[in-house]
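# Remarks on the overall topology
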Number of protein chains: 2
Amino acid sequence: MTAEGGTPHGHGDPTTEPTTPAHRPTADRTTSRDVARAAGVSQATVSLVLGDKWRGRVSERTADSVRALARELGYRPNLAARNLRLGRTRTALLVVPALTNEFFARVHAGAAHAAAEHSVGVVLYPSPDGIGPARDPFDSARAAVDGIIASSMAANALATLRGGGLPLVMLDSDPLRSDAAATVNLDIADGMRRTAEHLLALGHRRFAHIAAGIDSWTFHVRAEALATAVHQAPDATLRTEPTALGVTEGRAAAERALSGPGPRPTALVCDDDLIAAGACKAARRLGLRVPDDLSITGFDDLSLATALEPELTTVRLPAAAVGEAGIRALIAVLDGRAPEPTELPGELVVRDSTAPPPADR
Amino acid sequence: MTAEGGTPHGHGDPTTEPTTPAHRPTADRTTSRDVARAAGVSQATVSLVLGDKWRGRVSERTADSVRALARELGYRPNLAARNLRLGRTRTALLVVPALTNEFFARVHAGAAHAAAEHSVGVVLYPSPDGIGPARDPFDSARAAVDGIIASSMAANALATLRGGGLPLVMLDSDPLRSDAAATVNLDIADGMRRTAEHLLALGHRRFAHIAAGIDSWTFHVRAEALATAVHQAPDATLRTEPTALGVTEGRAAAERALSGPGPRPTALVCDDDLIAAGACKAARRLGLRVPDDLSITGFDDLSLATALEPELTTVRLPAAAVGEAGIRALIAVLDGRAPEPTELPGELVVRDSTAPPPADR
DNA sequence: CCCCGAACGTTATACGTAACACCTCGGGCG
DNA sequence: CGCCCGAGGTGTTACGTATAACGTTCGGGG
């Protein structure tokens, strides 16, 4: 029990040399203590100087010398030790379905940008988009984090996320039934309504909704908003063709919608730009010209929208702003402030894939 | 020095209750010691059991009880503490230009996948694609990492990366002049050669290279390989039109190439699919049909390639495999094994944007 | 002459974990 | 009987950092 009487440790060699402590727990990097030794001060002083808390406690000369030596020795603070000591990491975990979806890549870019401005880090957990219980994000990310920002589309990871007891900011999820500490939403309904009104104003009355068949709030909102807006014109009809996400899938769904029974729709409203790209291919395959014979709209305004010919009329969503707002909200929560709930507007971008419907027979 | 005789600490209250140590360094999560107390064992035992090193040292009954309590109390190991103790983090830093480039999003996906299989994490440093000294990746990523995987296109961050003293795996960089611990390369030259041979076989002789004007190894290789392959046909001509990356930029460059002096090229070889998409738009704008009047090829095989009409003939690069190989190489280096240098092949995917040239006048 | 308060640092922890070196105890064996 | 052995643990330490609490010197005012 007493620590007196001989070193209880195995390699009780009182030389200053460490002599490789037999299991080498650390890569031999310079520590703040090394800098301290070199500067002839205590480790605490180094910590004060480098932490910029030295004013009035350390002389300017000493501070300068410490800084110089730190640079010279290539000192880099050990993040693990710092995080342990402080009990926080200044790091956020961003949970999204997949970055190959450009929308989420942009969300990440916005988050990374805003985070950098606050000296905060972002680590990513791309929730495997298949279903299944998903690996534990906390294990997979393997980085200690202070809070979580999660897209509602990463649904399969959400259950696990709850358990962590960490502050959670939800992106684009139902604000009513969310137990998150904060939410950042997109005004999806408004975007869809504007799309419908644009098409109605052009004279369209026969609509088909090529709808992402995904049980996610954002897509429910799209369907509902479209239906509501379309039916403001009493003679308008709307049929819905569900599809998985993706160009090929969208093409198949659009072909079904265009070759179904009854009069052919003159406008295809697609749940995202990839589906819209597929719809364009379907149109061409059926010998329909876009936009003369058929109008097509997308959603998201990915770079794809302007790469296509004709360029897509679509709703531009401020993806980067979503990421930024997510970071800001999380920081607010972590600082104990109440984050204002955010709702970001979309914007209808009219390009070349919409036009008045062909003259009816 | 002796621990006897009264607690030297300020709030010397010998109760077991911590009574909030005045600055609350840690969020009050369950620690392994809490689990130990609940199970009536020592913290060391908890560590053994949960670290799966208990066989032959702890009875099965005790181990079960510890595991049950850990789950019940919602115990999650403190990664910062673990990392500090072990001196490693089982985390890799992936440095890429930007994830909005689908190619790098796929690289990341591959890396994340391979990493997860080895219980390793990946954190991302998207090097701001502008030039400039870039923030310190180690600071920005804010996560302690064991090693780095960097794309050669994240050039502006590379200098800083060197300083860290961490193992570095380079992706798609010049293997000859690289001081990296390992390299993972794509056989870009082969892909470009196949493209040229495909076009030559179709009968093309007048080529234009819409070339990414970026000082990066991968693009130098493309230019060189294309020139070499094209000039195997003695009557072939090749002009080069540099461009920035992106659809709009590619369109402008293609327009220059098509409207320049001399006979018009019949084949446009583009350095990536985005540029190729721009080239398609340029062709349409000039009244040229693809592929009847003009053949166009891309590079990368992004999802864009099949979204376009006509679908692009392009070189499919195994982006995900690059990420996977990067992780594997890094793990090998960290384990002290010598990683075999990897060179991954591309594959020419012939689609609808290439055809024999129009009959010459 | 003495105490005081700046100025300038230092000492001592504590964070939570993993690994090592010890303990203890009952039984088998020579 | 004495001794060792293995099973089943415990005590202690160290990782590198940040900070609260505590010295120590020195010039000056009362």
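For clarity, every value in this text was computed on a predicted model and none was experimentally measured. (Residues numbered from 1 in each chain as written. Chains lettered and ligands numbered in written order. Predicted model: local features only at pLDDT ≥ 70, side-chain atom pairs only at ≥ 80, totals over all residues. Heavy atoms only, no water.)

## Structural notes on the sheet that holds strand 5 (residues 182-187) of chain A
Strands in a sheet are paired, the pairing made by backbone hydrogen bonds, and the direction either parallel or antiparallel. All names here are of chain A. The strand order across the open sheet formed by six strands is 2-1-3-4-5-11, and the pairing between neighbours is parallel. Because the sheet does not close on itself, it has two edges, and the strands there are strand 2 (121-126) and strand 11 (342-345). The sheet shows a mean angle of 20 degrees between the axes of neighbouring strands, direction not considered. With three bridges joining them, strand 4 (residues 168-171) and strand 5 adopt parallel strand pairing. Within strand 5, the position partnered with valine 169 by the bridge is alanine 182. Of the strands in this sheet, strand 1 (91-96), strand 2, strand 3 (147-151), strand 4 and strand 5 touch helix 5 (residues 102-117), which is tilted by about 160 degrees from strand 2. (Pairing = 2+ DSSP bridges. Helix = DSSP H or I, 4+ residues; strand = E, 2+ residues; numbered from the N terminus. Axes fitted to C-alpha atoms, helices over the stretch in contact; angles between N-to-C directions. Contact = heavy atoms within 4.5 Å.)

## With respect to the protein's contact with DNA strand D
The environment of DNA strand D is made up of 28 residues, and the closest members are Ser32, Tyr75, Arg82 and Arg85 of chain A together with Thr45 of chain B. Within 4 Å of the protein, atoms of DNA strand D come from sugar and phosphate in 62% of cases. Within the contact set of DNA strand D, a base nitrogen lies 3.1 Å away from a side-chain nitrogen or oxygen of glutamine 43 of chain A. Take arginine 85 of chain B: an N or O atom from its main chain is 3.5 Å from a base oxygen of DNA strand D. Elements represented by at least two residues in the surface near DNA strand D include exactly helix 1 (32-39), helix 2 (43-50) and helix 4 (79-86) of chain A together with helix 2 (43-50) and helix 4 (79-86) of chain B. Per-element tally for the surface near DNA strand D: the top contributor is helix 4 of chain A, with four residues. Here the surface near DNA strand D is built from residues that sort into 11 nonpolar, 10 polar and seven charged. (Near = heavy atom within 4 Å. Polar contact = N/O pair within 3.5 Å; in protein donor to acceptor, adjacent residues only side chain to side chain. Nonpolar A, V, L, I, M, F, W, Y, C, P; charged D, E, K, R; others polar.)

## Remarks on the protein's contact with DNA strand C
If you check the shell around DNA strand C, you find 29 residues, and the closest are Thr45 of chain A together with Ser32, Tyr75, Arg82 and Arg85 of chain B. Counting only the atoms of DNA strand C within 4 Å of the protein, the fraction contributed by sugar and phosphate is 65%. Serine 42 of chain A places a side-chain nitrogen or oxygen 2.9 Å from a phosphate oxygen of DNA strand C. At a separation of 3.0 Å, a phosphate oxygen of DNA strand C approaches a polar side-chain atom of serine 47 of chain B. The set of elements that each furnish at least two residues to the surface near DNA strand C consists of helix 2 and helix 4 of chain A together with helix 1 (32-39), helix 2 and helix 4 of chain B. The element that contributes the greatest number of residues to the surface near DNA strand C is helix 4 of chain B, accounting for four residues. Here the surface near DNA strand C is built from residues that sort into 10 nonpolar, 12 polar and seven charged.

## Quick look at the sheet that holds strand 5 (residues 182-187) of chain B
Residue and element names in this part refer to chain B. The six strands lie next to each other as 2-1-3-4-5-11, forming an open sheet whose pairing is parallel. Looking at which strands have only one partner, the edges of the open sheet turn out to be strand 2 (121-126) and strand 11 (342-345). Looking at each pair of strands side by side, their axes are set apart by 20 degrees on average, direction ignored. With four bridges connecting them, strand 5 and strand 11 associate as parallel partners.

## Details of the pattern of salt bridges
Scanning the model with the defined rule gives 37 salt bridges over all chains in all. The closest approach of N and O atoms between aspartate 64 of chain A and arginine 67 of chain A, which form a salt bridge, is 2.9 Å. Taken together, the positions of aspartate 64 of chain A and arginine 67 of chain A, both in helix 3 (residues 60-72) and three residues apart, correspond to about one turn of that helix. Here arginine 337 of chain B ties to aspartate 335 of chain B by a salt bridge, and the two come within 3.2 Å at their closest N and O atoms. Given a relative accessible area of 48%, arginine 337 of chain B falls into the partly exposed group. Overlapping salt bridges, with partners in common, bring together Lys281 of chain A together with Asp301, Glu311, Arg316, Glu347 and Arg351 of chain B in one network. (Salt bridge = Lys/Arg side-chain N within 4 Å of Asp/Glu carboxyl O. Buried < 20%, exposed > 50% of the residue type's maximum accessible area, 1.4 Å probe, protein only.)

## Considerations on the packing of aromatic side chains
All names here are of chain A. By the definition in use, this model includes two aromatic pairs over all chains. Here phenylalanine 103 and phenylalanine 104 contribute two aromatic rings whose centre-to-centre distance is 5.2 Å and whose plane-to-plane angle is 85 degrees, an arrangement assigned as edge-to-face. Exposure class is identical for phenylalanine 103 and phenylalanine 104. Each is buried. Here the basic side chain of arginine 222 rests over the ring of phenylalanine 299, its NZ or CZ set 4.4 Å away from the ring centre. (Phe/Tyr/Trp six-rings, centres within 6.5 Å; stacked < 30°, edge-to-face > 60°. Lys NZ or Arg CZ within 6 Å of the ring centre and 35° of its normal.)

Geometric descriptors of this kind do not, in isolation, establish any biological role.
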